[in-house]
Amino acid sequence: MSTPLLEVKDLCKRYPIYGPLGKLFPPKTHMNAVSGLSLQLYEGETYGLVGESGCGKTTTGRCILGLTHPDGGEIQYQGHDLTKLSDREFRPLRRDIQLVFQDPLSSLNPRQRIGSLLEEPLIIQGMEDADARRARVLAILEKVGLSEEHYFRYPHELSGGQVQRLGIARALIIEPKLIVCDEPVSALDVSIQAQILNMLTALQREMGLTLLFISHDMGVVRYLSDRIGVMYLGALVEEAPTDDLFADPRHPYTQALFSSIPDLSKRGKTHVSLGGELPVRTDEFQGCVFHTRCPYATDRCRREAPALREVEPGHKVACHQT
Ligand SMILES: Nc1ncnc2c1ncn2[C@@H]1O[C@H](COP(=O)(O)OP(=O)(O)O)[C@@H](O)[C@H]1O
Ligand code: SF4
Ligand SMILES: [Mg+2]
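Since this is a predicted model, take the numbers as computed values, not measurements. (Residues numbered from 1 in each chain as written. Chains lettered and ligands numbered in written order. Predicted model: local features only at pLDDT ≥ 70, side-chain atom pairs only at ≥ 80, totals over all residues. Heavy atoms only, no water.)

**Q** Let's hear about the packing of helix H3 (residues 114-124) against helix H4 (residues 130-143): which residues, and what values?
**A** Packing of H3 against H4 leaves a shortest axis separation of 9 Å and a crossing angle of 120°. Crossing geometry of H3 relative to H4 is assigned as right-handed. Where H3 abuts H4, its residues Ile 114, Gly 115, Leu 118, Glu 119, Leu 122 and Ile 123 lie against Arg 133, Arg 136, Val 137, Ile 140 and Leu 141. Residue composition of the contact of H3 with H4, by class: 7 nonpolar, 1 polar and 3 charged. (Axes fitted to C-alpha atoms, helices over the stretch in contact; angles between N-to-C directions. Helix = DSSP H or I, 4+ residues; strand = E, 2+ residues; numbered from the N terminus. Left-handed = near helix turned anticlockwise from the far one by under 90°. Contact = heavy atoms within 4.5 Å. Nonpolar A, V, L, I, M, F, W, Y, C, P; charged D, E, K, R; others polar.)

As structure tokens, then:
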């Protein structure tokens, strides 16, 4: 493959866990939200990052966007390690990497009309000509399936699906290269989800965008991803082109996720169910991230973390028994 557009190397983010006396004393240990995660995003592809709630997907996305500062690792983009840049150095690159998230309303000023909300990023980018800004706003409204009629409306006057269209328009108006979509359809009805996903796919092709699509829903991720990374307890446990992953899921956790999808579990794949509690990955945690729930765990799994290694071209798995 060619050089990645963006490369995450050995990303780590941890949060302190304090003892009963709180912050009076140093933290007892840390919760490792993301630990040793590496992935590459190639130009024009959609990479689906999937895993249960709390596995570190949002933290990974926020680190890429520069909204959360990681404790370790690199994020390489156009010859820069984004984690080492100051705010001032990051600013010109920020327009290239935009975010679409689950609840766009929470970040929009409710007293600002839609036209002005969409013009704002253009003003911040220094586009001075008001007529040109208005033309760009009208063009993006049309692209996301809204119309001129919405220009003077307020965000709360839109339906859930239309608000997400607005969120996507706001991310796309400054023509970024990479979009991080964090659970963009999780709050929507299934029929509206399909419309938004179709629109995202069409826009991605038309604008040559690279998409990091984050979701807990394997069905949604399958629908639009070229490659999928399966995440568990802050680490990637499997990564493959979408068709390969669905034809031959190798990691017991991926198999467990598939067992919960009715039309896949019927195909006679190994049935692994997710028993037990999701553990906390403290600094003391050892071994394979999945060992506390894995039906195949051995003593080695409890002691030694398996590396993510390539088992077929483009298909990587982190399991001692694969
Ligand atoms: N600011 C924070 N402070 C403490 N813990 C956090 C913070 N942000 C995230 N976490 C924890 O990190 C873990 C990963 O969270 P997140 O990245 O939001 O997961 P996901 O998006 O996969 O649901 C969770 O256990 C969450 O509680
Ligand atoms: S390394 Fe061991 S515990 Fe981890 S997934 Fe493989 S068999 Fe299960
Ligand atoms: Mg999340």
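**Q** Which residues make up the site of ligand 1, and what are the values?
**A** Taken together, Tyr 15, Met 31, Ala 33, Glu 52, Ser 53, Gly 54, Cys 55, Gly 56, Lys 57, Thr 58 and Thr 59 make up all the residues around ligand 1. Taking Gly 54, its main chain carries an N or O atom lying 2.6 Å from an oxygen atom of ligand 1. Contact with the protein chains covers 57% of the free accessible surface of ligand 1, which is 560 Å². For the shell around ligand 1, the elements supplying multiple residues, two or more each, are strand E2 (29-41) and helix H1 (57-64). The element best represented in the shell around ligand 1 is H1, accounting for 3 residues. (Near = heavy atom within 4 Å. Polar contact = N/O pair within 3.5 Å; in protein donor to acceptor, adjacent residues only side chain to side chain. Areas by Shrake-Rupley, 256 points an atom, 1.4 Å probe, with all protein chains shown as cover.)

**Q** So what's going on with the site of ligand 2? Which residues, and what values?
**A** For ligand 2, the full set of nearby residues is His 251, Pro 252, Cys 288, His 291, Cys 294, Tyr 296, Ala 297, Cys 301, Pro 306, Cys 319, His 320 and Gln 321. For the shell around ligand 2, the per-class residue count stands at 8 nonpolar, 4 polar and no charged.

**Q** Pulling in residues and values, what's your account of the pairing of strand E10 (residues 235-241)?
**A** The buried count for E10 comes to 6 of 7 residues, which makes it a mostly enclosed element. Of the strand pairs in this sheet, strand E9 (residues 227-232) and E10 are connected by 6 bridges, and their pairing is antiparallel. The residue bridging Tyr 232 from the neighbouring strand is Ala 235, located in E10. Hairpin geometry of E9 and E10 is characterised by an intervening segment of 2 residues between the two adjacent antiparallel strands and by a positive phi of about 45° at Leu 233. Bridging between E10 and strand E12 (residues 315-317) involves 2 bridges; their strand directions are antiparallel. Counterpart to Glu 239 in the pairing with E12 is Lys 316. (Buried < 20%, exposed > 50% of the residue type's maximum accessible area, 1.4 Å probe, protein only. Pairing = 2+ DSSP bridges.)

**Q** An account of the nonpolar core is requested, with residue identities and associated values reported.
**A** A general trend in soluble globular proteins is that nonpolar side chains are found buried together. Judged by nonpolar contacts, the single largest core of 56 residues is most densely connected at Leu 118, Ile 168, Met 218 and Val 230. By residue number, the principal contributor to this core is helix H5 (residues 160-172), which donates 6 residues. Each of two domains, domain 1 (6-96 + 176-317) and domain 2 (103-175), supplies a minimum of three residues to this core. Sequence-distant contacts of Val 230, defined by excluding residues within four places in its chain, comprise Val 50, Met 218, Ala 235, Leu 236, Val 237, Glu 238, Leu 245, Tyr 253, Thr 254 and Leu 257. Formed by 27 residues, the second largest nonpolar core is a distinct cluster that contains Leu 49, Ile 75, Ile 214 and Met 231. (Core = buried A, V, L, I, M, F, W, Y, C linked by side-chain atoms within 4.5 Å. Domains from an automatic or database assignment.)

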